[in-house]
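Examining the three-dimensional arrangement
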Amino acid sequence: MRRFGLIGSPLTHSFSERYFADRFAREHISDCRYDNYQIEDLGDQGALLRAALPSDIQGFNVTIPHKQTIIPLLASIEAEAESVGAVNCVKVTSQGCYRGYNTDVYGFEGALLGMLGPANRPEAMVLGTGGAAKAVCHVLTKLGMSYISVSRTPASDAALSYEALTPAVLQQHRLIVNTTPRGMYPHTDASPLLPYDSIGQGHYLFDLIYNPAETLFLKQGRRRGAVVKNGLEMLILQAERSWDIWNETL
Ligand code: NAP
């Protein structure tokens, strides 16, 4: 049996275990399984992580809160993941070493280009400054798109507070990407604190959340004429890229 999985905490929101179970069943892949491994603390030497995983695991995804804290525990890291500063996919090499990748970058880039089309590159606003925001900002830079970050506690002049989001700021930044967990199940009645009346036709709202399928953030944008997209395509693209990485010979 080839074993794969997901580490993080909490894992109740994750679709990955079901996604891979369905994929293996659909394609009659009977020698693979993908399981959730709830891990609160990785420790600083890697022993806790190795103890929590089956000794024969061949690869795993990494989610909240470990995408950055896993980096010192890796034997090597792929260049793009290093530049992002976050890892969401680990391949166990044939020598048993952990190599880190960032497939959120691949997933977000594909899903974003699907929403914007080939030549449309509006100025962007990225809500939140965590691990997923790093992947999003990396893609925007790669695509030559300018952006501002929005944080509850802006640490530099490069970020704005939610209180600073005037109608003029919203009108200037027509792509708004939510990388915060606000609105994620079960807190579906919450949404990022924006002046939604300044959003309308010509805006693009991308929510990394995929559960619920339509968050209150997306609903408020769609009602006002914005183009909206949830995080499901990104999730599927990053999962498929992880699968390809685990099946590459290394
Ligand atoms: P994270 O590292 O915990 O970062 C989230 C950021 O959001 C925080 O750094 C914080 O930034 C802000 N934030 C946290 N709680 C907030 C709140 N209650 N209100 C407003 N802002 C808040 O998490 P992450 O790994 O980046 O993941 C973020 C979200 O993206 C999750 O919902 C996750 O499921 C989703 N995600 C989806 C995919 C996909 O494939 N679709 C991939 C990755 C992540 P400030 O402190 O600066 O405000």
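See the structure above.
In this report, the structure presented in the accompanying data block is examined.

Definitions and limits used
Each residue is numbered by its place in its chain's sequence as written, counting from 1. Per-residue local features of the predicted model are confined to residues with pLDDT of at least 70, and side-chain atom pairs are confined, for both listing and counting, to 80 or more; whole-chain, interface and lining totals are unaffected and use all residues. To obtain the side-chain values, all non-hydrogen atoms of the structure were included, while hydrogens and water were left out. DSSP-based pairing: two strands are paired if at least 2 bridges between them are found. Going along the chain from the N terminus, every DSSP run of H or I of four or more residues is numbered as a helix, and every run of E of two or more is numbered as a strand. Only heavy atoms enter the contact rule, under which two residues are in contact if any of them lie within 4.5 Å. Only the stretch in contact is used when fitting a helix axis, every axis being a line fitted to C-alpha atoms; angles between N-to-C directions are given from 0 to 180 degrees. Whether a residue is near a molecule or strand depends on its heavy atoms: if one lies within 4 Å, it is near. Definition of a polar contact: a pair of N or O atoms within 3.5 Å, with one able to donate and the other able to accept a hydrogen when the atoms are protein atoms, and with sequence-neighbouring residues admitted only if both atoms are side-chain atoms. Each accessible area value is a Shrake-Rupley result obtained with a 1.4 Å probe; residue values ignore everything except the protein chains displayed when judging cover. Polar here means any residue other than Ala, Val, Leu, Ile, Met, Phe, Trp, Tyr, Cys and Pro, which are nonpolar, and Asp, Glu, Lys and Arg, which are charged; Gly is therefore polar. Three labels apply to residues, based on accessible area from a 1.4 Å probe with only protein chains included: buried if under 20% of the type maximum, exposed if over 50%, partly exposed otherwise in between.

Points about the sheet that holds strand 5 (residues 89-92)
- Spatially, six strands are ordered 2-1-3-5-6-4 in an open sheet, and the strand pairing comes out mixed. Each having just a single partner strand, strand 2 (32-38) and strand 4 (76-77) make up the two edges of the open sheet.
- In this fold helix 1 (residues 16-26) packs onto strand 1 (2-8), strand 2 and strand 3 (57-62), with an angle of close to 170 degrees to the strand it touches most, strand 2.

Regarding the site of the ligand
- As a structural note, the neighbourhood of the ligand is formed by 21 residues, with Thr129, Ala132, Ser151, Thr179 and Leu208 the closest of them.
- At 3.1 Å, a backbone N or O of Gly130 approaches an oxygen atom of the ligand.
- In the model, a nitrogen atom of the ligand is placed 2.9 Å from a nitrogen or oxygen of the Leu208 main chain.
- Against a free-state accessible area of 920 Å², the protein chains account for coverage of 81% of the ligand.
- A breakdown of the residues in the shell around the ligand according to their chemical character gives nine nonpolar, eight polar and four charged.

Quick look at the environment of Val84
- With respect to the helices and strands, the residue Val84 is situated in helix 3 (residues 79-84).
- Judged by relative accessible area, Val84 falls into the buried class, the value being 7%.
- Residues Val84 and Ala135, spaced 51 residues apart in sequence, show a C-alpha to C-alpha distance of 5.9 Å.
- Aside from chain neighbours lying at most four places away, what touches Val84 is Asn102, Val105, Lys134, Ala135 and His138.

Quick word on the pairing of strand 10 (residues 175-178)
- Side chains Leu175 and Val177 project from strand 10 onto one buried face, and the interleaved Ile176 and Asn178 project onto a second face that is buried too.
- Across four bridges, the pairing between strand 7 (residues 124-127) and strand 10 is parallel. Bridge pairing in strand 10 places Met125 opposite Ile176.
- Note that strand 10 and strand 11 (residues 204-207) share four bridges and pair parallel. Counted as the bridge partner of Leu175 is Tyr204 from strand 11.

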